[in-house]
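Take a look at the letters that make up each chain.
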Amino acid sequence: MGVDVPAGPAQAVAHEHGGHAPLRTERKRRRPSGEPPPLPRHLRRSGKFWLWSLIGMLALFVLLGFVKPTDFAMEHLDIWVLQRFEDLRTPWLTRLARGVNTLASANMNLALRWATIIVLVAFRRWRHLAVFVGAVLVVGWFGTTLTEILGRARPFDITIIGTWQGFSSPSAPVMSLSATLVGMGFALIPDGLWRARYLWASDVLIALVGLSRIYLGVDHPSDVVFGVVFGMGTMVLAFRFFCPEEAFPVTYHRGKTAHLDVGGARGEAIKRAVADQLGLRILDMKPFGTSASGGSTPLRVTIAGEEDGDVTYLFAKLYASNHLRADRNYKFARTILYGRLEDEQPFSSVRQLVQYEDYMLRFFSDAGVPAPASYGFVEITPEREYVILMEFFDGSKEISDVPIDDRVTDTALSVVRKLWDAGIAHRDVKPGNILVRDDEAFLIDVAFAEIRPSPWRQAVDLANMMLVLGMYGEPKRVYDRALRLFTPEELGEAFSATRGVASPSQLRGELKRIGRDVLGEYRAMAPAYPTVSIQRWSIRRIAVTLWTLFLIVLGIVLALSNLQGAGLL
């Protein structure tokens, strides 16, 4: 049931810009203490089973190492089982067991793992790839370490009729095959009936391989059990902890890896969070404008209007941990390439990232800069995923799709003037972030904006706006209109400060596509100005660069060694 609430700043701004029906605001709901968030991360029953199995296995290892009667009893039980299998040996069973045992060969494991890696790379599922390879390396390294520590010999008192090498416990071939098959299921097959069938079939195959090795006398039964528990358990827990299905489902559509799937459990969680935390009812939600966005998952959200049948469109951005890591990596790389600029400080959490954008949207509104009004943000998974909602300029077009007349030029340049007067730098002025409706220009995507920026940052905003206008219009006319708001010296400074990466990659790509030196044309019109350098050399930059190179070389050496030990090379 709807409730009457006063229109907030966001609704007021939206109505001023026109095109939006009043929103239907439901009563908000506070999540009680102890209740899971809209999109919780949990191990499921299988994850809990393997977690306790691993804990039990490690506890048993401790008992075997320090309590001699336990070790003695385990040895006698293993020999008794092996002798029963030895009694069953016949020529045809021996041939069958040797054939089944080849499934656990190093070459088979190598082929399966590289096939999985190739598929994950082809579909750019980097998180699944990192978890799969990381778990394989852990299984290979930790399993080898356990084998060396225990130093258990191959079975005595029976005739070994299979090939073997190294120590016995845990069974390295069974452990590796278990990890590989389970990892393939979690990394390649969507959650559901087919994955369940695959995992059951894998269990049967692993059981057959384990029984064949016991039959051949190359492994103790406990070696096989330990290998299965460690291989399967490690892989299941790795995917449950670091790549949960609710947040990172297996899909086979191509697209930017920054864009997360918003269907299934995540989609329902977003709708529930928006209803509980903002009192808005989402009717539909679709990806929107993904080609110009790489730091979030952009969405167009359909919200129920105040009257039955009315709808309102809002723009939303889903932020997650991978976007935070991308921001950190981007700023770290910029430090190495150009030195740390005054604003290249990484965010410490996803919450801080989304709070900052919400604050900047409200600051833009207070300063009178034409930008989307904020409707607030909601928490999906604490410290991991958040969604921010803002005004959607319905009926607007990207500036590259409209004629660049004097009215559009004047409103676009006035946006930069307002930024300057308010002491703000947008820092990402490009065609995809400039919308036009009724010949009026608006700026969107203020996540990179900065308050009280350096003069260089402000000058670059002006130059990038004029590059966009000149690219789709006439540079001479744009320059003449700019002189109404900026001095010739300010224009000369702007074009002197702008080169290379000072312009966003989309803008550089468009300039290259049209094949015109628009920046050169502007520089020919503007008065000469001393070159403004963006390079900042410091002891810190040199130290960070050298340390990074050292870590890269060390990482390559260790990775090659671990890949070889894990059977990937």
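Conventions adopted
Residues numbered from 1 in each chain as written. Predicted model: local features only at pLDDT ≥ 70, side-chain atom pairs only at ≥ 80, totals over all residues. Heavy atoms only, no water. Helix = DSSP H or I, 4+ residues; strand = E, 2+ residues; numbered from the N terminus. Buried < 20%, exposed > 50% of the residue type's maximum accessible area, 1.4 Å probe, protein only. Contact = heavy atoms within 4.5 Å. Areas by Shrake-Rupley, 256 points an atom, 1.4 Å probe, with all protein chains shown as cover. Arc of directions from axis to C-beta. Pairing = 2+ DSSP bridges. Axes fitted to C-alpha atoms, helices over the stretch in contact; angles between N-to-C directions. Patch = residues over 30% accessible without salt bridge, like charges linked within 9 Å, V, L, I, M, F, W, Y side chains within 5 Å. Salt bridge = Lys/Arg side-chain N within 4 Å of Asp/Glu carboxyl O. Lys, Arg positive; Asp, Glu negative; His and termini not counted. Charge placed at Lys NZ, Arg CZ, Asp CG, Glu CD.

Trainee: Tell me about the overall build of the chain, residues and numbers included.
Mentor: Counting its regular elements, the chain contains 19 helices and 10 strands. The buried share of the chain, taken over its 569 residues, is 49%. Intrachain contacts of the chain at a sequence separation of at least 6 include 76% that bridge at least 24 residues. Put simply, the chain shows about 27200 Å² of open surface, and 62% of that area lies on carbon and sulfur atoms.

Trainee: Mind laying out helix α17 (residues 505-514), listing which residues take part and the relevant values?
Mentor: Listed in full, the buried residues belonging to α17 are Leu507, Glu510 and Leu511. Down the axis of α17, the sector holding all buried residues measures 100 degrees, keeping them to one side. With respect to the buried face of α17, the exposed residues turned more than 90 degrees away are Ser505, Lys512 and Arg513. Those residues of α17 hidden inside the fold are in contact with α14 (455-472) and α18 (518-525).

Trainee: Summarise the pairing of strand β9 (residues 440-443); cite the residues concerned and give the values.
Mentor: Taken together, the 4 bridges between strand β8 (residues 434-437) and β9 define a ladder with antiparallel strand orientation. Its bridge partner being in β9, Val436 is matched across the sheet by Ala441. Where β8 folds back onto β9 in an antiparallel hairpin, the turn is made up of 2 residues, including Asp438, whose phi is positive at roughly 55 degrees.

Trainee: How would you sum up the sheet that holds strand β5 (residues 385-391)? Please name residues and give values.
Mentor: Across the sheet, 5 strands lie side by side as β1-β2-β3-β5-β4; this open sheet has antiparallel pairing. Unpaired on one side and paired on the other, β1 (282-287) and β4 (374-381) mark the two borders of the sheet. Put simply, the sheet's adjacent strands are angled 25 degrees from each other on average, direction ignored. Taken together, the 6 bridges between strand β3 (residues 311-319) and β5 define a ladder with antiparallel strand orientation. Paired with Lys317 across the two strands is Ile388, which belongs to β5.

Trainee: Describe a negative patch on the surface, with residues and values.
Mentor: On the surface, a cluster of negative charge is contributed by Glu306, Glu307, Asp308 and Asp310. Here Glu306 lies in the loop between β2 (297-304) and β3. Judged by relative accessible area, which is 41%, Glu306 ranks as partly exposed.

Trainee: Can you tell me about helix α15 (residues 475-482), naming the residues and giving the values?
Mentor: Taken together, the buried positions of α15 are Pro475, Val478, Tyr479, Arg481 and Ala482. Taken end-on, α15 shows its buried residues confined to a sector of 165 degrees, consistent with a single buried face. Contacts from the buried residues of α15 go to α13 (406-422), α14, α16 (488-497) and α18.

Trainee: Tell me about the side chain of Glu493, residues and numbers included.
Mentor: When you line up the elements, Glu493 lands in helix α16. With near-sequence residues (within four places) excluded, Glu493 lies in contact with Pro455, Ala459 and Tyr529.

Trainee: I'd love a proper account of unusual backbone geometry, names of residues and values included.
Mentor: Residues apart from glycine generally show negative phi values, whereas peptide bonds are mostly found in trans. A positive phi angle, close to 65 degrees, is found at Glu383, a residue other than glycine. You can see Glu383 is positioned in the loop between β4 and β5. In this model, Arg427 sits at a positive phi of 75 degrees, which is unusual for a non-glycine residue. Relative to the helices and strands, Arg427 resides in the loop between β7 (424-425) and β8. Judged by its relative accessible area of 18%, Arg427 falls in the buried class.

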